[in-house]
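Residue strings, one per chain:
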Amino acid sequence: MSTDASSLTTEDLEFLRRPLHGFLSMAGGPLPPQPRPVWFEATAEGTIQLFTGPDTLKVRHLRRDPRASIVVAAPVGERERWLSVAGRTTVEPDGAHDLCARLAARYWDLDDPARADDLAGILAADQVRLVIHPEAVRRYTH
């Protein structure tokens with residue numbers, strides 16, 4: 001395992017640009033933490049962003065304590081690899097629908113009418129963007 005105090009490497013960003021699920025935990029959540037699988041995007045600026053509804057439990061936890069972490073692991077059948085990013089998280093009112101559309105195209109086949117309808121339903125609802133600003137990055141590659 002290696003640790004880099006606060007930044008993602010080029011290799012980290014390549015790994016995070018794959019359609020993998022991340023497991024999000026928040027400091028303001030229940031004890032013990034109860035991670036939830038999420039879609040996410042690593043940005044060119046080195047942040048991690050995801051979307052959620054503005055009135056979700058995630059947002060309420062982050063308003064009490066803005067610390068969060070996400071863990072992403074390689075799927076079964078690949079060499080062991082994982083990446084953990086922890087840091088202060090902001091709730092941004094803009095950009096969530098664009099992010100949602102990009103992530104849906106990455107994770108789903110939008111030519112499937114059912115998935116296209118699912119996306120339309122998500123886009124019809126209010127969304128906010130959660131942005132994790134890395135303060136600690138840990139990784140393991142075997």
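Just so we're clear, the structure is a prediction, and the values are computed from it rather than from any experiment.

For the rest of this paragraph, the subject is the overall build of the protein chain. Along the backbone of the protein chain there are four helices and eight strands. Overall, the protein chain shows an N-to-C arrangement of helices and strands of β-α-β-β-β-β-α-β-β-α-α-β. Over its C-alpha trace the protein chain gives a radius of gyration of 15 Å, about what one expects of a compact globule, namely 14 Å for 142 residues. Expressed along its principal axes, the backbone C-alpha trace of the protein chain runs to roughly 40 × 35 × 30 Å. Burial status across the protein chain gives 41% buried among its 142 residues. Restricting the contact set of the protein chain to residue pairs at least 6 apart, pairs at least 24 apart contribute 74%.

Quick look at the nonpolar core now. Proteins that are soluble and globular tend to have nonpolar side chains buried together. In terms of nonpolar packing, the biggest core is built from 34 residues, with Leu8, Leu16, Ile48 and Ile70 touching the most fellow members. Sorting the residues of this core by element identifies helix H1 (10–16), strand E2 (22–26), strand E5 (48–52), helix H2 (57–64), strand E6 (67–73), strand E7 (81–92), helix H3 (96–107) and strand E8 (128–141) as the ones contributing at least two each. Element by element, the count of residues in this core is highest for H3, at six residues. Here Leu8 is in contact with Leu13, Leu16, Gly46, Ile48, Leu83, Val85 and Val137, once residues within four sequence places are set aside.

Moving on, we get to the environment of Val38. Positionally, Val38 belongs in strand E3 (residues 36–38). The residues contacting Val38, other than those within four sequence positions of it, are His21, Gly22, Leu24, Leu50, Lys58 and Ile70.

Before going further, it helps to spend a moment on the UniProt feature "domain: Pyridoxamine 5'-phosphate oxidase N-terminal" (unreviewed entry) in the protein chain. Sites flagged by UniProt as "domain: Pyridoxamine 5'-phosphate oxidase N-terminal" (unreviewed entry) map to residues 11–131. As a span, residues 11–131 carries 31% helix and 31% strand, and end to end its C-alpha atoms are 20 Å apart.

In this section: the pairing of E8. Pairing geometry for E5 and E8, over five bridges, is antiparallel. Each bridged residue has a counterpart across the sheet, and for Thr52 the counterpart in E8 is Val128. Bridge count between E7 and E8: twelve bridges; the pairing is antiparallel. Bridge pairing in E8 places Thr89 opposite Ile132.

The buried count for E5 comes to five of five residues, which makes it a mostly enclosed element. The alternating pattern of E5 places Ile48, Leu50 and Thr52 and Gln49 and Phe51 on opposite faces, both of which are buried. Bridge count for strand E4 (residues 41–42) against E5 is two bridges, and the pairing is antiparallel. Bridge assignment links Glu41 to a residue of E5, and that residue is Gln49. From the end of E4 to the start of E5, which pair antiparallel, there are five residues, and Gly46 there has a positive phi angle of about 90 degrees.

Analysis parameters
- Residues numbered from 1 in each chain as written.
- Predicted model: local features only at pLDDT ≥ 70, side-chain atom pairs only at ≥ 80, totals over all residues.
- Heavy atoms only, no water.
- Helix = DSSP H or I, 4+ residues; strand = E, 2+ residues; numbered from the N terminus.
- Rg over C-alpha atoms; globule rule 2.2 N^0.38 Å.
- Buried < 20%, exposed > 50% of the residue type's maximum accessible area, 1.4 Å probe, protein only.
- Contact = heavy atoms within 4.5 Å.
- Core = buried A, V, L, I, M, F, W, Y, C linked by side-chain atoms within 4.5 Å.
- UniProt positions renumbered as here; feature names shortened; annotations may be inferred.
- Pairing = 2+ DSSP bridges.

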